[in-house]
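Each chain is listed here by its residues.
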Amino acid sequence: ICSNFAHIINSSGICNFSYICLPDVNIIAEYMSAVTGWNVTTDELLKTGERIGNLRQAYNIREGLNPLQYKVPDRLLGRPPQQEGPLSGVTVDMDTMVKEYLATMDWDTKAAKPSKMKLLELGLENVAKELWPQE
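Residues numbered from 1 in each chain as written. Predicted model: local features only at pLDDT ≥ 70, side-chain atom pairs only at ≥ 80, totals over all residues. Heavy atoms only, no water.

Student: Is there a simple way to explain the packing of aromatic side chains in this structure?
Tutor: How two aromatic rings sit relative to each other is given by the distance of their centres and the angle of their planes. As enumerated under the stated definition, the model contains one aromatic pair in all. Summarising the aromatic geometry, the rings of Y101 and W107 are spaced 5.9 Å apart at their centres and angled 85° between planes, so their arrangement reads as edge-to-face. Lying across the ring of W132, K113 places its NZ or CZ 3.7 Å from the centre. (Phe/Tyr/Trp six-rings, centres within 6.5 Å; stacked < 30°, edge-to-face > 60°. Lys NZ or Arg CZ within 6 Å of the ring centre and 35° of its normal.)

Student: Teacher, can you tell me more about the side chain of S12 here?
Tutor: In this fold, S12 is placed in helix α1 (residues 2-12). Of the polar contacts made by the side chain of S12, one reaches the backbone oxygen of I9; its length is 3.0 Å. (Helix = DSSP H or I, 4+ residues; strand = E, 2+ residues; numbered from the N terminus. Polar contact = N/O pair within 3.5 Å; in protein donor to acceptor, adjacent residues only side chain to side chain.)

Student: Could you clarify how one ought to interpret the environment of D43 in this entry?
Tutor: Structurally, the position occupied by D43 is in helix α4 (residues 42-62). Overall, D43 belongs to the exposed group, its relative accessible area being 62%. Taking the C-alpha atoms as reference, D43 lies 9.9 Å from F5; in sequence the two are 38 residues apart. (Buried < 20%, exposed > 50% of the residue type's maximum accessible area, 1.4 Å probe, protein only.)

Student: Is there a simple way to explain the packing of α1 against helix α3 (residues 26-36) in this structure?
Tutor: Packed helix pairs are characterised by how far apart their axes lie and by the angle those axes make with each other. Across the interface, α1 lies against α3 with an axial gap of 12 Å and an inter-helix angle of 35°. Once α1 is placed against α3, the crossing between them reads as left-handed. Between α1, through F5, I8, I9 and S12, and α3, the contact on the second element is made entirely by I28, Y31 and M32. For the contact of α1 with α3, the residue count by class is six nonpolar, one polar and no charged. (Axes fitted to C-alpha atoms, helices over the stretch in contact; angles between N-to-C directions. Left-handed = near helix turned anticlockwise from the far one by under 90°. Contact = heavy atoms within 4.5 Å. Nonpolar A, V, L, I, M, F, W, Y, C, P; charged D, E, K, R; others polar.)

Student: Looking at this structure, how should I read the pattern of salt bridges?
Tutor: Opposite charge on two side chains allows them to pair when their charged atoms are near. One pass over the structure, following the stated rule, counts eight salt bridges. E121 serves as the salt-bridge partner of K47, at 3.3 Å between the closest nitrogen and oxygen. With K47 in helix α4 and E121 in helix α7 (residues 116-121), this pair connects stretches of sequence that are 74 residues apart. Judged by relative accessible area, which is 48%, E121 ranks as partly exposed. (Salt bridge = Lys/Arg side-chain N within 4 Å of Asp/Glu carboxyl O.)

Everything listed is a geometric property; what it means functionally is a separate question.
Here it is, written out as structure tokens:
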């Protein structure tokens, strides 16, 4: 949900700093309705954010970028763990986090490619045909 909502904020022109100060996320739907003249709901915006995320991912896959090949520095993951402070002894289980994220997004675990079913569910038939031409 946060990822999908972030895509909406990033694509809308709303300042990230001011949006986090809003008392309620539904205000974004009101804002978008006022700006576009369309009556949109928060749920519709989240679905749009999901479309944006999958389109971005499909584009990256098409261009040969596999985010699973990116390397996060060990220090950010707590390898080795801090010896003192609030994060002492903490190590981030990046493998589990990535697997759970991919499963939640319905993306392939080897290339992070959006599934054909997910793309079709989001109304992205042309993208599904390009990413999954054999099926």
